[in-house]
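Structural overview
This is what each chain is made of:
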Amino acid sequence: MVRIATAAAVGAAWLLPALKQRSSHPGAARVDLSTVATADELPPHRWDILVHYGRHPRRGSQHRQLFADRLVAVCAAAARRRSSAPILRLSQLDVTERDLGLTTHRRAGGQLVFDDALAMLEAAAAGVGVAIATETAAQPYLASGRLVRATEVVLTGQKYFADLSVAGRRKPAASRPFDWLVRHGRGEPPSRAVAVPIR
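Residues numbered from 1 in each chain as written. Predicted model: local features only at pLDDT ≥ 70, side-chain atom pairs only at ≥ 80, totals over all residues. Heavy atoms only, no water.

1. Thoughts on the overall build of the protein chain
Looking only at helices and strands, the protein chain has six helices and nine strands in total. Burial analysis of the protein chain (199 residues in total) assigns 48% to the buried set. Within the protein chain, counting contacts between residues at least 6 apart in sequence, those at least 24 apart form 78% of the total. Looking at the protein chain as shown, the accessible area adds up to about 9600 Å², and 50% of this sits on carbon and sulfur atoms. (Helix = DSSP H or I, 4+ residues; strand = E, 2+ residues; numbered from the N terminus. Buried < 20%, exposed > 50% of the residue type's maximum accessible area, 1.4 Å probe, protein only. Contact = heavy atoms within 4.5 Å. Areas by Shrake-Rupley, 256 points an atom, 1.4 Å probe, with all protein chains shown as cover.)

Structure below.
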């Protein structure tokens, strides 16, 4: 069994589709998926692979870049029309509403700080306010129409990374999927990597 930990938003938007893409291959390991609000929530002995935003290598783990992301401001269509809407932000993101072209009158609506991107995006979809999020996390909401872009400004964000723990490095059933995720995140063609189905 491969223990994978990830933030819920990138798990739903990127990791689960990636794992599903490989799920039909025979001989794959079983996956135990855990969601975490922050990369430090679970100690390394509780996961084999950790997928996270930003450069936070865990002690003793193998650390690889997956892909770069961008930052966007998103909201429900009704919130975009309001002159004052609260700013919904993640505690992990170091960006201001001005950076994303949100006008100063939006600040009058206040600010709500989240430690989980999925909860923040759900609040934005419910019309609570304008969320500052990674483009990857927001993409399923934008594609479905539950959220729209609050501004056309897009900022360069940090990168997503995968860490393979010390325990994971000792398990071929974890190291092979880790190598595949890294290649998949970088857009490299598939090789003889072992698939990881969701069961």
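Structure's up, so let's keep going.
2. As for the packing of aromatic side chains
Summed over all chains, the structure comprises three aromatic pairs. Aromatic pair W14 and F67: ring centres 5.2 Å apart, planes at 50°, arrangement tilted. Highlighted residues: W14 in helix α1 (residues 8-22) and F67 in strand β4 (residues 62-75), separated in sequence by 53 residues. Judged by its relative accessible area of 12%, W14 falls in the buried class. Using a relative accessible area of 12% as the deciding quantity, one classes F67 as buried. One aromatic cluster in this structure is built from W14, Y53, F67 and Y160. (Phe/Tyr/Trp six-rings, centres within 6.5 Å; stacked < 30°, edge-to-face > 60°.)

3. Looking at the side chain of T134
Along the chain, the position of T134 falls in strand β7 (residues 130-134). Within polar-contact distance, the side chain of T134 engages the side chain of D69 at 3.5 Å. A polar side-chain atom of T134 sits 3.2 Å from the main-chain amide nitrogen of A137. Beyond its immediate chain neighbours, meaning those up to four positions away, T134 contacts Y53, D69, R70, L71, V72 and Y160. (Polar contact = N/O pair within 3.5 Å; in protein donor to acceptor, adjacent residues only side chain to side chain.)

4. Re the environment of G187
One can find G187 in the segment after α6 (172-185). For G187, a relative accessible area of 61% translates into the label exposed. Between the C-alpha atom of G187 and that of L66, which follows or precedes it by 121 residues, the distance is 8.8 Å.

5. Some points on α6
Side chains of residues three or four places apart in an α-helix project in the same direction, reflecting 3.6 residues per turn. In a regular helix each residue adds 1.5 Å, so 14 residues correspond to 20 Å; α6 covers 20 Å between its end C-alpha atoms and thus fits that length. Where α6 ends, the next residue or the one after it, G187, has phi of about 75°, a positive value. (Expected span 1.5 Å × (residues − 1).)

6. Quick word on the side chain of D116
Here D116 lies in the loop between β6 (111-114) and α3 (117-125). R146 provides the closest opposite charge to the buried, unpaired D116, separated from it by 12 Å. Within polar-contact distance, the side chain of D116 engages the backbone nitrogen of L118 at 3.2 Å. Residue contacts for D116: discarding those within four places in its chain leaves A8, A37 and L90. (Lys, Arg positive; Asp, Glu negative; His and termini not counted. Salt bridge = Lys/Arg side-chain N within 4 Å of Asp/Glu carboxyl O.)

7. Remarks on the pattern of salt bridges
The tally for this structure, following the rule as stated, stands at six salt bridges. A salt bridge links D48 to R3, with the shortest nitrogen-to-oxygen separation between them at 2.9 Å. Taken together, the residues D48 in the loop between β2 (31-36) and β3 (49-53) and R3 in strand β1 (residues 2-7) connect sequence positions 45 residues apart. Across the pair D48 and K171 runs a salt bridge whose closest N-O atoms are separated by 2.8 Å. Highlighted residues: D48 in the loop between β2 and β3 and K171 in the loop between α5 (166-169) and α6, separated in sequence by 123 residues. What makes D48 buried here is its relative accessible area of 0%.

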